[in-house]
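Given next are the chains, with one letter for each unit.
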Amino acid sequence: MPQNQSVLDWVREIAALTQPENIFWCDGSERENEFLIEESLKQNVLIELNQKKVPRSYLHRSNPNDVARVEQFTFVCTPTKEEAGPTNNWSEPKETYAKLRGLLKGAMRGRTLFVIPYIMGPPDSPLTKVGFEITDSKYVVLNMRIMTRMGEIAVKRLGDDPNAEWNRGVHSLLDVNPERRFICHFPQDNAIISVGSGYGGNVLLSKKCLALRIGSYLARTQGWMAEHMLILGVESPEGKKHYVAAAFPSACGKTNFAMLIPPKHFKGWKVTTVGDDIGWMQIRDGQLYAVNPENGYFGVVPGTSCKSNPNAMKSIANDTIYTNVALTDDGDVWWEGKDGAPPAHAFDWRGNDWTPDSKEKAAHPNSRFTTPMRNNPALDPDVEKGEGVPISAIIFGGRRSDTVPLVYQAFDWNHGVYLGATMASETTAAAAGTVGKVRRDPMAMLPFCGYNIGQYFQHWLDIGKRLSSPPLIFNVNWFRKGVKSQFLWPGFGENMRVLKWIIDRCEGTGGALKSPIGWLPSPHDLDLAELDIDHKCVAEILGIDHEEWAKELAEHKIFFDSLGGVVPKQLLDQREQLAARFKE
Ligand code: OXD
Ligand code: MN
């Protein structure tokens, strides 16, 4: 239990409001975890899996109305609407607090109020933040123990200074009713209140809420960056290592890329994972350094296999909480895209009978694993380094069937910021709503930027001015399709070929052609040896179709215009320059 008076006062205040049966101060210990698992099994919050097949692993089935992030119920509550900006739902703080207090009144009657102390970031990093989450969900406690460094470590780091910076997070399931589901952020107060949901992205307040929405706000005011980025290390056979950060929208393969295993042809090359979802970056000696604030992975399950991501398969073989996957008759987990034949019978994510003839999916498309990063055989040895790892390249990428080539490089930092700002992707099941619709998702932060997106763009431009050795910036698209709607690029481990070109560019050795959109590799600049790919496909995937780009440029304008005048002039100029290059 912390001695910090401000924490004690806050817990007292929330307990007086929610009126729980008892208060449970979490210490993150093994004993506590075992106790909570036992209780969760008794109350059907968890289902025990076959412990021989998946040791110390459990299945959780969520309420079927509660399976993804809910962007329409997510609010940034700044004093003025302008501060939240054109891309966020805004709600007036005073009124919102009052509404949420109304919903929280007596909400934990007959329940336990858990207090979770946690830190985000390596223990000795200057970027590391302290948070406390109050929740009435055991599932949240069990997941937070995997996803964060939890317990005593946070209490110690906070100390007893009542003015120390820490995040106040309150979560209550209420009655898990979409009508009473609100995920509210109060950046000025460093506070989050989330009610009515049990879905990870809405309720593990460390992750999207603190590390990205509140994090991005703090980052701007404090001069660092909080980004929706994986961080990976690439080491050559000679032992030369680079680190790369990559921003892809939700469910676009960040975890797969972060755990990539190079194909046989790249003998001696090694890829290691620092993080798979969030990167916090600071400037040191004119260079960007990144840390992963998280301690575990909350990844999309369907499609994960020994072919797509062997390191993820090893990571989720034990000590994993599965949410909304299928359960086989022998107590194992199953999902679409898992290795081997589908089971003849299983229980789908809702617990209904399922056979391969069923029309419904066995696992929900946004079913998830929560697993400790220590399980990852490719974990980078510097993952705990407080100063972070130096970033040589930043990669933006989305899911685009057309227009966007496999890879290209920005001419300079500001052009790179433009690539990020105009990035788009086909929507996925990670958020509630239509799947497969192209939407602009600047820097993959559209759902996660906790303040005005125009100021966010300006923050990127300002950071560039402070960098004497800025990372090179690239854009990738693994998802381009040919005329028969087939993927043109094999993806997964073969993405190493693209990564290698990126590293070559960082080393100053990779060849490229100047194109209107940036530096493009020609087919012979990519190492495609021992890859079974048609030359026509390669030309197609690296090609720029002027008609498609005319449309794309018009879309950039529509997007910038839709933001209502907040886009910095440098980015408007970048658009003009891009248009002019097409006319050269
Ligand atoms: C996630 C997401 O869960 O982006 O990481 O939705
Ligand atoms: Mn994410």
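In case you missed it, the structure is sitting above this.
Here is what the cut-offs are and how they apply
- Residues numbered from 1 in each chain as written.
- Chains lettered and ligands numbered in written order.
- Predicted model: local features only at pLDDT ≥ 70, side-chain atom pairs only at ≥ 80, totals over all residues.
- Heavy atoms only, no water.
- Helix = DSSP H or I, 4+ residues; strand = E, 2+ residues; numbered from the N terminus.
- Rg over C-alpha atoms; globule rule 2.2 N^0.38 Å.
- Buried < 20%, exposed > 50% of the residue type's maximum accessible area, 1.4 Å probe, protein only.
- Contact = heavy atoms within 4.5 Å.
- Areas by Shrake-Rupley, 256 points an atom, 1.4 Å probe, with all protein chains shown as cover.
- Salt bridge = Lys/Arg side-chain N within 4 Å of Asp/Glu carboxyl O.
- Near = heavy atom within 4 Å.
- Polar contact = N/O pair within 3.5 Å; in protein donor to acceptor, adjacent residues only side chain to side chain.
- Donors = N, O, S within 2.8 Å, 3.2 Å for Na, K, Ca; no water.
- Lys, Arg positive; Asp, Glu negative; His and termini not counted.
- Phe/Tyr/Trp six-rings, centres within 6.5 Å; stacked < 30°, edge-to-face > 60°.
- Lys NZ or Arg CZ within 6 Å of the ring centre and 35° of its normal.
- Pairing = 2+ DSSP bridges.
- Core = buried A, V, L, I, M, F, W, Y, C linked by side-chain atoms within 4.5 Å.
- Axes fitted to C-alpha atoms, helices over the stretch in contact; angles between N-to-C directions.
- Left-handed = near helix turned anticlockwise from the far one by under 90°.
- Nonpolar A, V, L, I, M, F, W, Y, C, P; charged D, E, K, R; others polar.

## Digging into the overall build of the chain
Turning to step 1, where the next piece is worked out: Regarding its fold elements, the chain presents 16 helices and 31 strands.
Turning to step 2, where the next piece is worked out: Computed over its C-alpha atoms, the radius of gyration of the chain comes to 23 Å, within 12% of the 25 Å expected for a compact globule of 584 residues.
Turning to step 3, where the next piece is worked out: Considered along the principal axes of its C-alpha atoms, the chain spans approximately 70 × 55 × 45 Å.
Turning to step 4, where the next piece is worked out: Counting across all 584 residues of the chain, residues that qualify as buried make up 62%.
Turning to step 5, where the next piece is worked out: Taking the intrachain contacts of the chain between residues at least 6 apart in sequence as the baseline, contacts between residues at least 24 apart amount to 72%.
Turning to step 6, where the next piece is worked out: Within the structure as shown, the chain displays about 22500 Å² of accessible surface, and the carbon and sulfur contribution to it stands at 51%.

## Structural notes on the pattern of salt bridges
Turning to step 1, where the next piece is worked out: Applying the stated criterion to the full structure yields 32 salt bridges.
Turning to step 2, where the next piece is worked out: The closest approach of N and O atoms between Arg350 and Glu360, which form a salt bridge, is 3.6 Å. Of this pair, Arg350 sits in the loop between strand E22 (346–347) and strand E23 (353–354) while Glu360 sits in the loop between E23 and strand E24 (368–372), placing them 10 residues apart in sequence.
Turning to step 3, where the next piece is worked out: Note that Asp573 is salt-bridged to Lys569, the shortest N-O span being 2.9 Å. A residue pair is termed a helical-turn pair when its members lie 3 or 4 positions apart in one helix, as Asp573 and Lys569 do in helix H16 (residues 569–583) at four residues.
Turning to step 4, where the next piece is worked out: Several salt bridges converge on common partners, so that one network encompasses Lys207, Lys208, Lys254, Asp277 and Glu294.

## A short note on the site of ligand 1
Turning to step 1, where the next piece is worked out: The environment of ligand 1 is made up of Arg69, Lys207, Lys208, His228, Ser250, Asp277, Phe298, Arg368, Ala430 and Phe448.
Turning to step 2, where the next piece is worked out: At 2.9 Å from an oxygen atom of ligand 1 is found a side-chain nitrogen or oxygen belonging to Arg69.
Turning to step 3, where the next piece is worked out: Against a free-state accessible area of 210 Å², the protein chains account for coverage of 96% of ligand 1.

## Some thoughts on the coordination of the manganese ion (ligand 2)
Turning to step 1, where the next piece is worked out: Around the manganese ion (ligand 2), the donor atoms from the protein are Lys208 (NZ), His228 (NE2) and Asp277 (OD), and they sit 2.2 Å away.
Turning to step 2, where the next piece is worked out: One chain supplies every donor for the manganese ion (ligand 2), spaced along it as K-x19-H-x48-D. With Lys208 in helix H8 (residues 206–222) and Asp277 in the loop between strand E15 (270–275) and strand E16 (279–284), the pair connects residues that are 69 residues apart, well separated along the chain.
Turning to step 3, where the next piece is worked out: Take Asp277: its relative accessible area is 8%, and that puts it in the buried class.

## Structural notes on the side chain of Arg505
Turning to step 1, where the next piece is worked out: By secondary structure assignment, the location of Arg505 is in helix H13 (residues 496–507).
Turning to step 2, where the next piece is worked out: The side chain of Arg505 is buried and forms no salt bridge, while Asp525, the nearest opposite charge, is found at 7.1 Å.

## What about unusual backbone geometry?
Only a minority of non-glycine residues have a phi that is not negative, and only a minority of peptide bonds are not trans.
Turning to step 1, where the next piece is worked out: A positive phi is found at Ala251, a non-glycine position, where the angle reads about 60°.
Turning to step 2, where the next piece is worked out: If you trace the backbone, Ala251 turns up in the loop between strand E14 (241–247) and helix H9 (254–258).
Turning to step 3, where the next piece is worked out: The phi torsion at Ser485 lies on the positive side, around 65°, for a residue other than glycine.
Turning to step 4, where the next piece is worked out: Along the chain, Ser485 turns up in the loop between strand E29 (472–476) and H13.

## Some words on the packing of aromatic side chains
Turning to step 1, where the next piece is worked out: Per the stated rule, a full pass over the model turns up 23 aromatic pairs.
Turning to step 2, where the next piece is worked out: Pairing Phe411 with Trp519 gives two aromatic rings, centres 5.8 Å apart and planes at 75°, and the pair type is edge-to-face. Separated by 108 residues along the polypeptide, Phe411 in the loop between strand E26 (407–409) and helix H11 (413–421) and Trp519 in strand E31 (residues 518–520) bring together distant segments of the chain.
Turning to step 3, where the next piece is worked out: Residue Phe411 is classed as partly exposed on the basis of its relative accessible area, which comes to 25%.
Turning to step 4, where the next piece is worked out: Relative accessible area serves as the criterion here: at 25%, Trp519 is assigned to the partly exposed category.
Turning to step 5, where the next piece is worked out: On the basis of an interplanar angle of 40° and a centroid distance of 6.2 Å, the ring pair of Phe559 and Phe560 is categorised as tilted.
Turning to step 6, where the next piece is worked out: The buried category is assigned to Phe560, whose relative accessible area is 4%.
Turning to step 7, where the next piece is worked out: Three or more aromatic residues joined by ring pairs form one cluster here, namely Trp10, Phe132 and Trp166.
Turning to step 8, where the next piece is worked out: One cation-aromatic arrangement involves Lys99 over Phe75; the distance from NZ or CZ to the ring centre is 5.9 Å.

## Some remarks on the sheet that holds strand E18 (residues 296–300)
Turning to step 1, where the next piece is worked out: Pairing is mixed across the open sheet formed by five strands, whose spatial order is E2-E3-E19-E24-E18. Each edge of the open sheet is held by one strand with a lone partner, namely strand E2 (47–48) and E18.
Turning to step 2, where the next piece is worked out: In terms of strand pairing, strand E19 (residues 321–323) meets E24 through three bridges, oriented antiparallel. Bridge pairing links Ile321 to Thr370 in E24.

## Considerations on the nonpolar core
Turning to step 1, where the next piece is worked out: Judged by nonpolar contacts, the single largest core of 109 residues is most densely connected at Tyr322, Ile391, Ile394, Phe396 and Trp460.
Turning to step 2, where the next piece is worked out: For this core, the element with the highest residue contribution is H8, accounting for eight residues.
Turning to step 3, where the next piece is worked out: In this structure, Tyr322 is in contact with Leu49, Val54, Ser57, Tyr58, Leu59, His60, Val301, Ile316, Val333, Trp335, Arg368 and Phe369, ignoring residues within four places of it in sequence.
Turning to step 4, where the next piece is worked out: One finds Val244, Trp269, Phe474 and Leu526 within the second-largest nonpolar core, a separate group that totals 37 residues.

## Some remarks on the packing of helix H2 (residues 30–42) against helix H5 (residues 138–147)
The geometry of a pair of packed helices is captured by two quantities: the angle between their axes and the separation between those axes.
Turning to step 1, where the next piece is worked out: With their axes 10 Å apart at the nearest point, H2 and H5 run at an angle of 145° to one another. As for the relative orientation of H2 and H5, their crossing is left-handed in sense. For the pair H2 and H5, the contacting residues are Glu30, Asn33, Leu36, Ile37, Glu39 and Ser40 in the first and Lys138, Val141, Leu142 and Arg145 in the second.
Turning to step 2, where the next piece is worked out: Per-class residue counts for the contact of H2 with H5 are four nonpolar, two polar and four charged.

## What about the sheet that holds strand E20 (residues 326–328)?
Paired through their backbone hydrogen bonds, the strands of a sheet run either parallel or antiparallel.
Turning to step 1, where the next piece is worked out: As summarised here, the arrangement of the four strands in space is E21-E20-E22-E23, forming an open sheet in which the pairing is antiparallel. What marks the edges here is a single partner per strand, and that holds for strand E21 (333–334) and E23.
Turning to step 2, where the next piece is worked out: Examined bridge by bridge, E20 and E22 share two bridges and lie antiparallel to one another. The residue bridging Thr328 from the neighbouring strand is Ala346, located in E22.

## What about the pairing of strand E10 (residues 182–186)?
Turning to step 1, where the next piece is worked out: Within E10, five of the five residues are buried, which leaves it mostly tucked inside the rest of the structure.
Turning to step 2, where the next piece is worked out: The alternating pattern of E10 places Phe182, Cys184 and Phe186 and Ile183 and His185 on opposite faces, both of which are buried.
Turning to step 3, where the next piece is worked out: The pairing of strand E4 (residues 74–76) with E10 spans three bridges and is classified as parallel. Within E10, the position partnered with Thr74 by the bridge is Ile183.

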